[in-house]
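# Structure assessment
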Amino acid sequence: MAVELDGTVTMRGDVGAGIRVQVVADGRRLRIVSGNELLGDWMLADIGISALNEGFNIRAEGEDFVLHT
């Protein structure tokens, strides 16, 4: 079963409004899309996710960003 939701993404430490995104998680992969642009597509086993008060911290491919849902 896939879960789809809307949110924003900011790089860890940035204070701007972020980028509006759609997130799709299907149990094996996490995809983040903004408009027609694929920002990320990762196997869940290959990324780090931790809960924050304001969303989720995601570490993937050397990047560290916050997903606000």
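In short, a report on the structure.

Reading the values: the criteria
- Residues numbered from 1 in each chain as written.
- Predicted model: local features only at pLDDT ≥ 70, side-chain atom pairs only at ≥ 80, totals over all residues.
- Heavy atoms only, no water.
- 1 Å grid on protein atoms, 1.4 Å probe; cavity = no way out; pocket = protein on both sides within 12 Å on 5 of 7 lines; lining within 4 Å.
- Points joined across faces, edges and corners; volume = space filled by probe spheres on them.
- Nonpolar A, V, L, I, M, F, W, Y, C, P; charged D, E, K, R; others polar.
- Helix = DSSP H or I, 4+ residues; strand = E, 2+ residues; numbered from the N terminus.
- Buried < 20%, exposed > 50% of the residue type's maximum accessible area, 1.4 Å probe, protein only.
- Pairing = 2+ DSSP bridges.
- Axes fitted to C-alpha atoms, helices over the stretch in contact; angles between N-to-C directions.
- Contact = heavy atoms within 4.5 Å.
- Salt bridge = Lys/Arg side-chain N within 4 Å of Asp/Glu carboxyl O.

Empty pockets left among the atoms are what a rolling probe the size of a water molecule brings to light. Of the voids in this model, the largest pocket is the one considered here, and its volume is about 200 Å³. Surrounding the largest pocket, Val9, Thr10, Met11, Ile19, Ile32, Leu39, Gly40, Trp42, Ala60, Glu61, Glu63 and Phe65 form its lining. Per-class residue counts for the lining of the largest pocket are eight nonpolar, two polar and two charged.

With that settled, the discussion passes to the environment of asparagine 53. Checked against the element boundaries, asparagine 53 lands in the loop between strand S5 (48–52) and strand S6 (55–60). Here asparagine 53 falls in the exposed class, since its relative accessible area comes to 85%.

Strand order across the open sheet formed by seven strands is S4-S3-S2-S1-S7-S6-S5, with antiparallel pairing between neighbours. Two strands in the sheet have a free side with no partner beyond their single neighbour: strand S4 (37–43) and S5. Recorded for the sheet is a direction-independent mean angle of 30° between the axes of neighbouring strands. Here strand S2 (residues 19–25) pairs with strand S3 (residues 29–34) via four bridges, running antiparallel. Paired with glutamine 22 across the strands is valine 33, a residue of S3.

This brings us to the environment of glutamate 63. Note on placement: glutamate 63 falls in strand S7 (residues 63–68). The exposure class assigned to glutamate 63 is partly exposed, which follows from its relative accessible area of 43%. Along the primary structure glutamate 63 and valine 24 are separated by 39 residues, whereas in three dimensions their C-alpha atoms are 19 Å apart. Excluding anything up to four places from it in sequence, glutamate 63 contacts Met11 and Ile58.

Below, the discussion takes up the pairing of S2. Note that strand S1 (residues 3–11) and S2 share seven bridges and pair antiparallel. Pairing of valine 9 across the sheet is with isoleucine 19, part of S2. Connecting S2 to the antiparallel partner S3 that follows it, the hairpin turn spans three residues, and glycine 27 within it adopts a positive phi of roughly 95°.

A few words on the pattern of salt bridges. On inspection of all chains with the given rule, the structure shows three salt bridges. Across the pair arginine 31 and aspartate 26 runs a salt bridge, and its minimum N-O distance is 3.5 Å. Among the residues examined, arginine 31 registers a relative accessible area of 26% and is labelled partly exposed. Note on aspartate 26: relative accessible area 31%, which makes it partly exposed. Residue arginine 29 pairs with aspartate 41 through a salt bridge whose shortest N-O separation is 2.8 Å. With a gap of twelve residues between them, arginine 29 in strand S3 and aspartate 41 in strand S4 connect regions that are remote in the sequence. Since its relative accessible area comes to 22%, arginine 29 is described here as partly exposed. Take aspartate 41: its relative accessible area is 29%, and that puts it in the partly exposed class. In this structure, a network of salt bridges that share partners links the residues Asp26, Arg29, Arg31 and Asp41.

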